[in-house]
Each structure stands twice: as C-alpha cells, then as structure tokens.
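# Understanding the architecture of this molecule
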Amino acid sequence: MLWDVENHSMPRTAAFFDLDKTVIAKSSTLTFSKSFYQGGLINRRAVLRTAYAQFVFLAGGADHDQMERMRAYLSALCRGWNVQQVKEIVAETLHDLIDPIIYDEAASLIEEHHTAGRDVVIVSTSGAEVVEPIGELLGADRVVATRMVVGDDGCFTGDVEYYAYGPTKAEAIRELAESEGYDLSRCYAYSDSATDVPMLESVGNPHAVNPDRALRREALARGWPILDFHRPVRLKQRIPAFSVPPRPALVAVAAIGAAAATAGLVWYANRRRATVA
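Residues numbered from 1 in each chain as written. Predicted model: local features only at pLDDT ≥ 70, side-chain atom pairs only at ≥ 80, totals over all residues. Heavy atoms only, no water.

For clarity, the threshold we go by: UniProt positions are given in the numbering used here, feature names are shortened, and annotations may be inferred rather than shown by experiment.
Under the annotation held in an unreviewed UniProt entry, the chain carries the name HAD-IB family hydrolase and is attributed to Streptomyces indiaensis. Its UniProt record gives the chain a comment under Sequence similarities (unreviewed entry), which states: "Belongs to the HAD-like hydrolase superfamily. SerB family."

The structure is reproduced here in structure tokens:
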C-alpha cells in the first residue's frame with residue numbers, strides 16, 4: 001500500500017504507468033479497430049489483421065522487431081485518416097471499449113498515488129488521439145504518447161512526429177522531471193514489457209506488471225517487485241480500494257455531511273415543537 005502522503009516541502013514525485021497490458025488488458029489502439037471499420041476508416045481485411053496483431057500482443061509474443069513492424073503497419077494504415085473523425089470515434093466508443101478492460105488493481109494504484117500526493121502520468125506507445133481520452137478517463141495528470149504528423153488538410157500523413165517507445169519513454173520522463181520538479185529517485189513506474197526497462201530503471205521504485213518473459217527475468221535479477229493484475233472491471237462497478245477519498249472528495253464529503261446534520265437537527269427541532277404543542 002502507498003499510504004505515505006508526500007511531504008510538500010520536498011521535491012514533487014510522480015507515478016508513471018505504461019498503458020497496454022499494464023493499466024488496461026488489451027492494446028488500446030487495436031481495441032478500436034472495429035469502431036474504425038464501422039466509421040469507414042479501414043476495411044474488413046484490416047480488421048482481421050489488427051485482430052491477429054491483438055492476439056500476438058496478448059500472447060506476449062510481440063518482441064521489439066514485431067512492435068516495429070506493427071508500428072510501420074499502423075502508420076501506413078492511418079495515412080489519410082481525418083484526425084477530427086478519429087477523435088470523434090474514440091470519444092463515442094471510449095466507455096464501451098475501454099472502461100470494461102481497465103484493471104481493478106491498476107485503478108486502485110492510481111487512486112493510492114493520487115491520495116499520497118503524487119502525479120499520475122500515462123506513458124504509452126499508442127497514439128495521442130487514443131491515449132489522451134483514456135488518460136482523462138483514468139484521472140491521469142499528464143500523458144506521454146506517440147504523435148503522428150498531421151497535414152494541412154487535417155489528415156494523418158503516415159509519418160511519425162514523436163515515437164513514445166523504449167528509450168524515448170525514459171527521455172520523456174526525465175524531461176518531465178526537469179520541467180515539473182519530480183525527484184525521480186522517489187518516483188514510481190509500472191510496465192509489462194522489457195522494452196520499457198529504460199523507463200523502469202529511470203525511477204527509484206520500478207515495478208513489473210504482468211511481465212513478459214524478458215522483463216520477468218530482468219525484474220528477478222534486479223529485485224524489482226512483480227505485480228499480477230488480472231481483474232478487469234468497469235470503473236463504476238469498482239468498490240474503492242481504501243476508505244480515504246482524494247482531497248477534493250474529502251471537501252465534498254464534509255459538505256454533504258454538514259448539510260445532512262443540519263437537516264437532521266431542523267427535523268428533530270420541528271418534531272419536538274410538534275410533540276410539545
């Protein structure tokens with residue numbers, strides 16, 4: 001448990017989360033393939049191919065070379081897509097597709113880090129148009145994601161402006177630490193993939209979550225904690241992992257409690273007057 005609330009006289013800290021298979025049970029980008037098909041962005045053949053890519057990803061067989069091939073395929077696939085249409089499709093289907101595959105354990109960790117006073121940052125290889133709405137759904141403070149080049153016509157060109165993968169994730173974390181004043185030696189990081197070892201080793205508290213074989217070996221060799229997340233659950237159906245709500249919620253709870261107490265006193269006083277009369 002992460003009950004130690006940050007001392008605000010010390011440098012700030014953050015918890016950095018990979019997204020796919022760490023916070024959610026599938027690939028965030030590939031999960032939207034059916035919605036993109038229904039929106040006319042891809043054909044049936046592409047749906048089948050992304051379904052296969054999802055299978056490979058979930059089976060833990062997506063090594064560095066396969067991830068690179070997947071990146072090249074997805075970059076070519078999205079060439080010519082209207083960015084605004086993509087955002088609208090993601091917004092319309094976000095709750096139906098993503099909410100049910102969020103790991104309960106990950107959601108609890110995010111709550112605990114927020115309660116301890118830490119920022120929560122999602123760091124994902126998936127595109128910003130997908131990751132940013134998911135980050136908002138999760139209550140993340142910041143998001144680092146892959147950015148595609150957008151042409152003057154408002155469509156993806158197929159080129160990659162920034163690829164959030166491997167060492168570039170670690171670079172993004174160091175840049176955030178410098179701009180936000182994070183003490184990385186006291187920060188946390190979570191990932192399932194060996195490709196994120198640079199991100200994990202850049203913080204003082206790395207964690208392997210549902211690790212692939214290579215990351216499991218690395219975590220065991222370095223003594224990193226290994227976590228098993230296996231309970232996807234809709235956010236609305238979750239039972240809070242702890243009884244202490246976040247600070248804004250504490251204010252709301254106090255206000256509701258005061259209002260209820262006042263209403264009770266008024267009711268009791270009126271009842272007594274009616275009884276005496």
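### Let's talk about the overall build of the chain
To keep it simple, the criterion reads: Comment: elements are numbered from the N terminus, with helices defined as DSSP H or I runs of at least four residues and strands as E runs of at least two. For every residue, the accessible area obtained with a 1.4 Å probe (protein chains only) is divided by the maximum for its type, and the residue is called buried under 20%, exposed over 50%, and partly exposed between those limits. Only heavy atoms enter the contact rule, under which two residues are in contact if any of them lie within 4.5 Å. Where accessible areas are quoted, they stem from the Shrake-Rupley method and a 1.4 Å probe; at the residue level, only the protein chains shown are allowed to cover.
When helices and strands are counted, the chain shows eleven helices and seven strands. Counting only residues that meet the buried cut, the chain has 45% of its 277 residues in that class. Long-range pairs, those at least 24 residues apart, make up 65% of the contacts in the chain with a sequence separation of at least 6. Entry remark: accessible area of the chain is about 14,500 Å², with carbon and sulfur atoms responsible for 55%.

### As for unusual backbone geometry
Positioned with a positive phi, Lys 21 is a non-glycine residue whose angle comes to about 65°. For Lys 21, the location among the structural elements is in the loop between β1 (14-17) and α1 (28-31). Despite not being glycine, Asn 210 has its phi angle at roughly 45°, a positive value. Tracing the sequence through the fold places Asn 210 in the loop between β6 (205-209) and α10 (213-222).

### A word on the pattern of salt bridges
Formally: Salt bridge, as used here: a side-chain nitrogen of Lys or Arg that lies within 4 Å of a carboxyl oxygen of Asp or Glu.
The full count for this structure, using the stated rule, is twelve salt bridges. A salt bridge links Glu 180 to Arg 142; its shortest N-O distance comes to 2.9 Å. Of the two residues, Glu 180 sits in helix α8 (residues 167-180) while Arg 142 sits in strand β3 (residues 142-150), which places them 38 residues apart along the sequence. According to the relative accessible area criterion, Glu 180 is partly exposed, its value standing at 23%. Shared partners join several salt bridges into a network, and the residues in it are Arg 12, Asp 119, Arg 142 and Glu 180.

### Quick look at the pairing of strand β4 (residues 156-162)
Short version of the rule: A pair of strands is treated as paired once DSSP finds two or more bridges between them.
Two strands pair when backbone bridges link them, and β3 and β4 are joined in this way by three bridges, in the antiparallel orientation. Residue pairing for β4: Arg 147 is matched across the bridge by Tyr 162.

### Let's talk about the side chain of Asp 20
Let me state the cut-off plainly: When charges are counted, neither His nor the chain ends are considered; positive counts come from Lys and Arg and negative counts from Asp and Glu. Polar contacts, as counted here, are pairs of nitrogen or oxygen atoms within 3.5 Å of one another; within protein the pair requires one atom able to donate a hydrogen and one able to accept it, and residues that are adjacent in sequence qualify only if both atoms are side-chain atoms.
Its location among the elements puts Asp 20 in the loop between β1 and α1. Buried within the structure, Asp 20 lacks any salt-bridge partner; its nearest side chain of opposite charge belongs to Lys 169, at an N-O separation of 7.9 Å. Reaching out from Asp 20, the side chain makes a polar contact with the side chain of Ser 28 at a distance of 2.9 Å. Side-chain polar atoms of Asp 20 contact the side chain of Ser 126, separated by 3.4 Å.

### Re the environment of Asn 82
With respect to the helices, strands and loops of the structure, Asn 82 is situated in the loop between α4 (64-77) and α5 (83-97). Given a relative accessible area of 29%, Asn 82 falls into the partly exposed group. Through-space distance from the C-alpha of Asn 82 to that of Gly 154 is 5.9 Å; in sequence the pair is 72 residues apart. Each residue touching Asn 82, except ones within four places of it in the same chain, is listed here: Asp 153, Gly 154 and Cys 155. Among the polar contacts listed, one links the side chain of Asn 82 to the backbone nitrogen of Gln 84, at a separation of 3.1 Å.

### Description of the sheet that holds β6
This is how the line gets drawn: Simply put, an axis is a line fit to the C-alpha atoms, just over the touching stretch for a helix, and the angle between two N-to-C directions goes from 0 to 180 degrees.
The seven strands are arranged β4-β3-β2-β1-β5-β6-β7 in an open sheet whose pairing can be described as mixed. Of all strands in the sheet, those with a lone pairing partner are β4 and β7 (226-227), marking the two edges. Note that strand β5 (residues 188-191) and β6 share four bridges and pair parallel. Bridge pairing in β6 links Ser 191 to Ala 208. Helix-sheet contacts for helix α6 (residues 104-115) involve β1, β2 (119-127), β5 and β7, and the interaxial angle to β1 is about 160°.

### Observations regarding the nonpolar core
Using the following cut-off: Definition of nonpolar core: a set of buried residues of the types Ala, Val, Leu, Ile, Met, Phe, Trp, Tyr and Cys, connected through side-chain atoms within 4.5 Å.
Counting residues in hydrophobic clusters, the biggest one holds 44 residues, and the most contacted among them are Phe 17, Leu 19, Phe 36, Trp 81, Ile 98 and Leu 138. Those elements that place two or more of their residues in this core are β1, α3 (44-58), α5, α6, β2, α7 (128-138), β3 and β5. Top contributing element to this core by residue count: α7, with six residues.

### Here's the deal with α6
Let me state the cut-off plainly: For a helix, the expected span equals 1.5 Å multiplied by the residue count minus one.
With twelve residues, α6 extends 17 Å from end C-alpha to end C-alpha; this agrees with the ideal 16 Å at 1.5 Å per step. Along α6, the positions that sit buried rather than exposed are Asp 104, Glu 105, Ala 106, Ala 107, Ser 108, Leu 109, Ile 110, Glu 112, His 113 and Thr 115. Remark: Gly 117 follows α6 within two positions and exhibits a positive phi of approximately 90°.

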